[in-house]
Amino acid sequence: MNFTISKQAFGNALAIVGHAVSSSSPQPYLRGIYIEASGNELVLTGSNADISIQKKVIADDENKLNIVEEGSILMEASYLNEIVKKLDADIISVEIIDGSLTRFAGSEAVFKINGMNTNDYPKIDFSKPMSSISMPASLLLEIIDQTTFAASTKETKPVLTGVNFHLADNVLKCTATDSYRLAKKTLDFKSDADFNITIPSKSLNEVRSTMLADAENIEIAQNDKKAQFWSEDMVLQTRLLDGGYPETDRLIPSEFTQKLTINRNDLIHAIDRTIFIKTDNITVDRLILSADELVLTNKSQEIGESTERLNGKYEGEPIDISFTGPYVMEACKVLHGDTVNVNFTGYMKPIIITCDDDPSVLHLILPVRTYN
């Protein structure tokens with residue numbers, strides 16, 4: 001194998017594929033990036049067994065790719081990234097000179113690095129499933145931003161560490177929950193496809209990091225084992241989470257007895273001012289709402305207390321309810337619009353946060369029982 005390429009184009013491709021590489025894996029080949037040169041394109045592949053990324057670099061005037069001799073190498077990602085960063089030229093050359101010994105050259109600097117046996121690299125099946133949908137990259141970014149933060153970070157219930165994508169009857173529902181809060185985005189989505197899959201939130205965050213900044217549209221292909229995200233020159237493939245996702249619709253009240261309408265940023269900032277006041281390392285805020293006043297308080301025996309009067313509109317009977325402050329703050333941050341609606345159905349009943357300017361999104365937060 002022998003090729004030359006723009007340092008910037010090669011470095012960018014390595015950085016993208018590197019998102020799927022496990023630098024601490026006990027299996028050496030999973031610490032590596034597989035590079036194959038053939039025809040007029042370079043194909044880079046990285047995998048950690050949960051996600052796999054394949055990136056193509058097709059020769060053009062910008063990347064200056066020129067394949068002199070076809071072939072393939074498998075090399076540790078950390079070595080590749082360091083070499084490309086340190087080479088002293090805009091165009092670099094890569095050549096296998098003896099077995100897996102590979103020569104990287106810039107203007108004056110030359111590295112000769114031992115690669116790994118390409119036969120050790122797993123044969124990853126990137127075949128595209130028959131069922132697929134397509135959406136603007138901006139919409140997928142919105143879905144990821146408005147749901148993944150609510151997924152569980154604990155492996156005790158693995159299915160809750162992902163976002164459930166349920167498409168049926170031209171309605172797409174994307175749901176994440178950790179059992180204490182829930183984020184749901186519901187969209188009208190015209191499609192003949194019908195599926196119910198749960199994608200790991202870590203995989204979705206990698207899609208955001210590697211694909212969505214430069215793509216216009218993303219195709220999502222899936223079956224009962226895997227999901228793939230396709231753009232023009234790359235594919236990210238992820239395993240799905242096993243197990244039935246809980247029926248969350250029944251948890252969401254359809255009617256409310258009390259409602260607070262408040263400026264979104266005002267509520268975020270008010271909660272943020274209480275974040276450092278914690279009980280058992282948790283920020284628990286308390287809303288005392290009535291027709292006469294709206295008060296946000298926080299009290300900790302170890303640290304102290306805070307009290308802040310809020311400006312907003314409240315409808316319904318007085319209520320005194322406590323909640324995990326960061327949960328409400330994070331939910332408000334991903335909504336679009338100047339005001340939010342904080343809806344209640346009573347003490348110790350779920351709190352529902354919506355936004356009139358973004359009716360596709362709903363957040364549910366369970367209250368916290370307090371005795372102060």
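Residues numbered from 1 in each chain as written. Predicted model: local features only at pLDDT ≥ 70, side-chain atom pairs only at ≥ 80, totals over all residues. Heavy atoms only, no water.

Student: How should the overall build of the protein be read in this particular structure?
Tutor: A tally of regular secondary structure across the protein gives six helices and 26 strands. Structurally, the protein occupies a C-alpha span of about 80 × 50 × 40 Å along its principal axes. Among the 372 residues that make up the protein, the fraction classed as buried is 50%. For the protein, contacts bridging at least 24 residues in sequence account for 65% of all contacts bridging at least 6. As displayed, the protein offers around 18,500 Å² of accessible surface, 45% of which is attributable to carbon and sulfur atoms. Computed over 35 positive and 53 negative side-chain charges, the separation of the two mean positions in the protein equals 5 Å. (Helix = DSSP H or I, 4+ residues; strand = E, 2+ residues; numbered from the N terminus. Buried < 20%, exposed > 50% of the residue type's maximum accessible area, 1.4 Å probe, protein only. Contact = heavy atoms within 4.5 Å. Areas by Shrake-Rupley, 256 points an atom, 1.4 Å probe, with all protein chains shown as cover. Lys, Arg positive; Asp, Glu negative; His and termini not counted. Charge placed at Lys NZ, Arg CZ, Asp CG, Glu CD.)

Student: What exactly am I supposed to notice about the pairing of strand β13 (residues 181-188) here?
Tutor: In regular strands, side chains alternate between the two faces of the sheet. Summarising burial for β13: six of the eight residues are buried, a large majority. The pairing of strand β12 (residues 171-177) with β13 spans seven bridges and is classified as antiparallel. Across the sheet, the residue bridging to Ala176 is Ala183, located in β13. Where β12 folds back on β13, the antiparallel hairpin that results is connected by three residues, among which Ser179 adopts a positive phi of roughly 85°. Of the strand pairs in this sheet, β13 and strand β26 (residues 361-365) are connected by five bridges, and their pairing is antiparallel. Counterpart to Lys184 in the pairing with β26 is Leu362. (Pairing = 2+ DSSP bridges.)

Student: Honestly, helix α2 (residues 77-86) in this entry has me stumped. Any pointers?
Tutor: Two residues of an α-helix separated by three or four positions point the same way, owing to the 3.6 residues in each turn. Turning to α2, its buried residues number three or more, namely Ala77, Leu80, Ile83 and Val84. Seen along its axis, α2 keeps its buried residues to an arc of 130°; they face one direction. In α2, the exposed positions that point more than 90 degrees away from the buried face belong to Lys85 and Lys86. (Arc of directions from axis to C-beta.)

Student: Explain the packing of aromatic side chains to me, please; I cannot follow it from the model alone.
Tutor: The relative placement of two aromatic rings is captured by the distance of their centres and the angle of their planes. Following the criterion strictly, the structure yields two aromatic pairs and no others. Look at Tyr34 and Tyr121: their rings are 5.4 Å apart centre to centre, the planes differ by 15°, and that puts the pair in the stacked class. Of this pair, Tyr34 sits in strand β2 (residues 32-38) while Tyr121 sits in the loop between β9 (110-114) and β10 (131-136), and the two are 87 residues apart along the sequence. Of the two residues, Tyr34 and Tyr121, both sit in the buried class. Against the face of Trp230 rests Lys128, its NZ or CZ located 4.6 Å from the ring centre. (Phe/Tyr/Trp six-rings, centres within 6.5 Å; stacked < 30°, edge-to-face > 60°. Lys NZ or Arg CZ within 6 Å of the ring centre and 35° of its normal.)

Student: Hey, could you run me through the environment of Phe276 in this one?
Tutor: Tracing the chain through its elements places Phe276 in the loop between α5 (264-272) and β19 (284-289). Residues Phe276 and Gln228 lie 48 residues apart in sequence; the distance between their C-alpha atoms is 41 Å.

Student: Can you help me understand the packing of helix α1 (residues 7-18) against α2 in this one?
Tutor: Packed helices, taken two at a time, are described by the angle their axes make and the gap between the axes. The interhelical angle for the contact between α1 and α2, taken along N-to-C directions, is 155°, at an axis separation of 10 Å. In terms of their interaxial angle, α1 and α2 are classed as roughly antiparallel. Regarding α1 and α2, the two cross each other, and that crossing is left-handed. For the pair α1 and α2, the contacting residues are Lys7, Phe10, Gly11, Leu14 and Ala15 in the first and Leu80, Asn81, Val84 and Lys85 in the second. Among the residues forming the contact of α1 with α2, the class breakdown is five nonpolar, two polar and two charged. (Axes fitted to C-alpha atoms, helices over the stretch in contact; angles between N-to-C directions. Parallel < 35°, antiparallel > 145°, perpendicular 65-115°, else oblique. Left-handed = near helix turned anticlockwise from the far one by under 90°. Nonpolar A, V, L, I, M, F, W, Y, C, P; charged D, E, K, R; others polar.)

Student: Please clarify how α5 should be interpreted in this entry.
Tutor: Taken residue by residue, α5 has Arg264, Leu267, Ile268, Ala270 and Ile271 as its buried positions. Relative to the axis of α5, the buried residues are bounded by an arc of 165° and lie together on one face. By the N-cap criterion, in which a side-chain oxygen at the helix start approaches the backbone nitrogen of a residue two or three places on, α5 is capped by Asn263, the distance to Asn265 being 3.0 Å. (Polar contact = N/O pair within 3.5 Å; in protein donor to acceptor, adjacent residues only side chain to side chain.)

Student: Just checking my understanding: could you explain the sheet that holds β10 for this structure?
Tutor: Through backbone hydrogen bonds, the strands of a sheet pair up, either in parallel or in antiparallel fashion. Spatially, eight strands are ordered β6-β2-β3-β4-β17-β16-β15-β10 in an open sheet, and the strand pairing comes out antiparallel. Of all strands in the sheet, those with a lone pairing partner are β6 (71-76) and β10, marking the two edges. The average angle at which neighbouring strand axes cross in this sheet is 15°, direction not considered. Inspection of the sheet shows β2 paired to β6 by six bridges, in the antiparallel sense.

Student: Sorry if this is basic, but what is going on with the pattern of salt bridges here?
Tutor: In this structure the tally under the stated criterion is 16 salt bridges. With its nearest N and O atoms 3.8 Å apart, the salt bridge here joins Glu76 to Arg31. Separated by 45 residues along the polypeptide, Glu76 in strand β6 and Arg31 in the loop between α1 and β2 bring together distant segments of the chain. Owing to a relative accessible area of 19%, Glu76 belongs among the buried residues under this scheme. For Asp233, the salt bridge identified is with Lys55, shortest N-O distance 2.8 Å. Placement of the pair is Asp233 in the loop between β16 (226-230) and β17 (234-239) and Lys55 in strand β4 (residues 51-58), with a sequence separation of 178 residues. Under the relative-accessibility criterion, Asp233 is labelled partly exposed at 31%. Bridged by salt links that share partners, the residues Lys173, Lys184 and Asp249 form one connected network. (Salt bridge = Lys/Arg side-chain N within 4 Å of Asp/Glu carboxyl O.)

Student: Would you explain the side chain of Thr45 in this entry?
Tutor: You can see Thr45 is positioned in strand β3 (residues 41-47). Among the residues examined, Thr45 registers a relative accessible area of 5% and is labelled buried. Among the polar contacts made by the side chain of Thr45, one reaches the side chain of Gln54 at a distance of 3.4 Å.

Shape descriptors only; they carry no functional weight alone.
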